[in-house]
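# Examination of the molecular architecture
In case you want the letters, here they are:
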Amino acid sequence: MSTKKNNPSALNEKAGISPPEIISSNAIQQIKESRKKQPSSQELIDGILAGNITALSRAITLIESTNSNHLTKANEVINGCLPHANQSIRIGITGVPGVGKSTFIEAFGKYLTSLGKKVAVLAVDPSSTISHGSILGDKTRMEELVKDKNAFIRPSASGETLGGVARKTRETITLCEAYGFDVILIETVGVGQSETAVHSMVDFFLLLKIAGAGDELQGIKRGIMEMADAIVINKADGDYIKKAQLTKVEFNRALHLFPPKKSGWIPTTATCSALTQEGIDGVWQTILDYLELVHSNHYFVEKRKEQNQFWMIETIDEQLKTHFYNQPNIIQLLESTKKAVQNNEISPFAAAQTLLDSYFKK
Ligand SMILES: Nc1nc2c(ncn2[C@@H]2O[C@H](COP(=O)(O)OP(=O)(O)OP(=O)(O)O)[C@@H](O)[C@H]2O)c(=O)[nH]1
Ligand SMILES: [Mg+2]
C-alpha cells in the first residue's frame, strides 16, 4: 500500500485540473453536514410553524417513508402540528384522465393566490406506485403555479396500497395546515376507490366533466356523482361553449334524482374553461356559498369530526392488514393455501380461518 504514492496510475488526480464546483470538497462537506444533521421532530415542527418550506417538505418525506424508524418521528411531528391545523378549506378535485384537472388546478390555484391565499396541491394516486405518478407527476400543466411562492405542489405519495397513500395524504394535510395554507386542493383520478378516500378527507368535492361524452364514455360511476358537491363542465370554450351548457343542464337534471345531502347543500352545476379561465371565479364563489351554509348549520365541524374518526378506524384496519400479511409464517402459508383454494381442496372461508388461526396463535 505504501507504494501507492509513487504509483503512476491514470486514476490519480492530475495537477492543474480543479474538480468542478459540484464535486468540490467544499460542496461534499456541505452535503455530508446536512446529512448528518437530521432535524429533530421539534425542529421540524418549529420550522413548519415558522413557514419554512424545507421543513415542511422534509416532514412530508418522513411521513411518506416506509422505514419503520421514521414512523415515531413522523407521528411526533404530526402531533405537534395538530393544534395548529384545521384552519384551511380542503377541496377534492376529480375527473377522468384528460378532463383538464391539472389545467384547472393551475388556473384555480393562480386565481386563489391572486386573492392572497396560500394554496397547497396534493394528490391521491395509488397508481403512482406502478406508473411512477400519473397525476401531478408532470408539473408541466402547472407551470405558473409551480413558480408561485404562495403555492406548494406535492405529487402523490407512492405506497403499496390505496389505504397507505390516502393515510399519508391525510397526514400531509395536517402539516400543510399547520404551515398556514388556506386552501388545500387534492387531486385524484376519476376511477376506482381513490375518490371515496379523497371524499372522506375534504370539505368540498368537485367533479370535473367535459361536454358531449356520455357517462359510460367518461367512465364516471354513479357513486362518484353522488359524492359531488359541484359538477363543473370544463373546456367550455371555442366551439364547445354551447355543448358544455347543454351538458350542464343534463347533469343538473340528473343530480335532482339523487337523495338530498346530509349537509343540506344542493349540488350545483357550472361550466368553465381552465384554458381561458372563464368561470373559474364562479367555482370559488360556489365553494364560499357552500362554506357559508355548512358553517351556519354546523355540518362543517360535524363532518370533520366524523372524518377524524373514519381515519382512525381506517388506520387501524390498514396497519392490522399490513401486520398480518408481513408475518413470515403467513407469507408462507398463504402461498400454499391459495393453491388449495384454487383447486377446491378447501373452501375460501375455511382457508381464511386457518390463516387467521395461525396468525392469532403465534
Ligand atoms: N380547450 C380546452 N382545453 C383544455 C382545457 N383544460 C384542459 N385542456 C386540455 O386538455 C388536455 C388535458 O388536460 P390536463 O389538465 O392534462 O388533464 P388531466 O385531467 O389533468 O389529465 P390527467 O393528468 O391525464 O388525468 C390538455 O391538452 C389541456 O391543454 C380547457 O378548459 N379548454
Ligand atoms: Mg393531470
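Note that the structure is a prediction, hence the values are computed from the model and not measured.

Scanning the protein chain for helices and strands turns up 16 helices and seven strands. Counting across all 362 residues of the protein chain, residues that qualify as buried make up 35%. For the protein chain, long-range pairs separated by at least 24 residues make up 72% of all intrachain contacts whose partners lie at least 6 apart in sequence.

Turning our attention to the environment of Thr172. With respect to the element layout, Thr172 can be found in helix α8 (residues 162-179). Note on Thr172: 22 C-beta atoms within 10 Å, which makes it buried. Sequence separation between Thr172 and Ala157 is 15 residues, and the spatial gap between their C-alpha atoms is 9.8 Å. With residues up to four places along the chain from it excluded, the contact list for Thr172 reads Ile60, Ile63, Leu122 and Arg154.

The environment of ligand 1 is formed by 17 residues, the closest being Pro97, Gly100, Lys101, Ser102 and Thr103. The biggest single contributor to the shell around ligand 1 is helix α5 (residues 101-114), with three residues. Along the lines of polarity and charge, the residues of the shell around ligand 1 split into six nonpolar, seven polar and four charged.

Let us look at the sheet that holds strand β2 (residues 119-124). Spatial strand order, β3-β2-β4-β1-β5-β6-β7: seven strands in an open sheet with parallel pairing. Of all strands in the sheet, those bounded by a partner on one side alone are β3 (151-153) and β7 (268-271). Across the sheet, the mean angle from the axis of one strand to that of its neighbour is 20°, orientation sign disregarded. Where strand β5 (residues 204-210) meets strand β6 (residues 230-234), five bridges bridge the pair, whose relative direction is parallel. In the strand pairing of β6, Leu208 is matched with Val232.

Okay, the packing of α8 against helix α14 (residues 299-325) next. Taken N-terminus to C-terminus, the directions of α8 and α14 make an angle of 140°; their axes are 10 Å apart at the nearest point. With respect to their mutual orientation, α8 and α14 come out oblique. Judged by the sense of rotation from one axis to the other, the crossing of α8 with α14 is left-handed. On α14, the residues that touch Gly163, Gly164, Arg167 and Arg170 of α8 are Trp311, Glu314, Thr315 and Glu318. Residue composition of the contact of α8 with α14, grouped by class: one nonpolar, three polar and four charged.

Moving on, we get to the pairing of β5. Buried residues dominate β5, accounting for seven of its seven residues. Where strand β1 (residues 89-94) and β5 come together, four bridges link them in parallel fashion. Bridging across to β5, Ile91 finds its partner in Phe204.

Within the protein chain, residue pLDDT values average 86, and 84% of them lie at 70 or more. Considering each helix and strand of the protein chain separately, the mean pLDDT is smallest for helix α10 (residues 215-218), with a value of 51, and largest for helix α13 (residues 280-296), with 98. Scored below 50 in pLDDT, residues 1-5 shows zero contacts in the model against residues more than four places distant or in partner chains.

Relative to the 16 Å expected for 12 residues at 1.5 Å per residue, helix α3 (residues 53-64) spans 16 Å between its end C-alpha atoms, a close match to the ideal helical length. Looking only at α3, the buried set comprises Ala55, Leu56, Ala59, Ile60, Leu62, Ile63 and Glu64. In this structure, the buried side of α3 is in contact with α2 (41-49), α4 (68-81) and α8.

Our next topic: the pairing of β1. Sheet faces and side chains relate simply in a regular strand, where the side chains alternate between the two faces. The buried fraction of β1 amounts to five of the six residues, a majority that puts the element mostly inside the structure. Both β1 and strand β4 (residues 183-188) contribute to a ladder of five bridges, which runs parallel. For Gly92, the partnering residue across the bridge sits in β4 and is Ile186.

The next subject is the environment of His70. You can see His70 is positioned in helix α4. In this view, His70 contacts Leu62 and Ser65; residues no more than four positions away in its chain are not counted.

With that out of the way, let us pick up unusual backbone geometry. Non-glycine residue Lys235 carries a positive phi angle of around 65°. Counting through the fold element by element, Lys235 comes out in the loop between β6 and α12 (241-255).

Given 3.6 residues per turn, any residue in an α-helix points the same way as the ones three and four places further on. Between its first and last C-alpha atoms α13 spans 25 Å; for 17 residues at 1.5 Å apiece the expected length is 24 Å, and the two agree. Listing the buried residues of α13 in full gives Ile280, Val283, Thr286, Ile287, Tyr290 and Val294. Buried residues of α13 fall within an arc of 115° about the axis and therefore sit on the same side. Among the exposed residues of α13, those pointing more than 90 degrees away from its buried face are Gln285, Leu288, Glu292, His295 and Ser296. Those residues of α13 that are buried lie in contact with β1, α5, β5, β6, β7 and α14. Just beyond α13, the residue with positive phi is His298, at close to 65°.

Analysis parameters
- Residues numbered from 1 in each chain as written.
- Chains lettered and ligands numbered in written order.
- Predicted model: local features only at pLDDT ≥ 70, side-chain atom pairs only at ≥ 80, totals over all residues.
- Helix = DSSP H or I, 4+ residues; strand = E, 2+ residues; numbered from the N terminus.
- Buried ≥ 20, exposed ≤ 12 C-beta atoms within 10 Å, placed from the backbone.
- Contact = placed C-beta atoms within 7 Å.
- Near = placed C-beta within 6 Å.
- Nonpolar A, V, L, I, M, F, W, Y, C, P; charged D, E, K, R; others polar.
- Pairing = 2+ DSSP bridges.
- Axes fitted to C-alpha atoms, helices over the stretch in contact; angles between N-to-C directions.
- Parallel < 35°, antiparallel > 145°, perpendicular 65-115°, else oblique.
- Left-handed = near helix turned anticlockwise from the far one by under 90°.
- pLDDT = per-residue confidence, 0-100.
- Expected span 1.5 Å × (residues − 1).
- Arc of directions from axis to C-beta.

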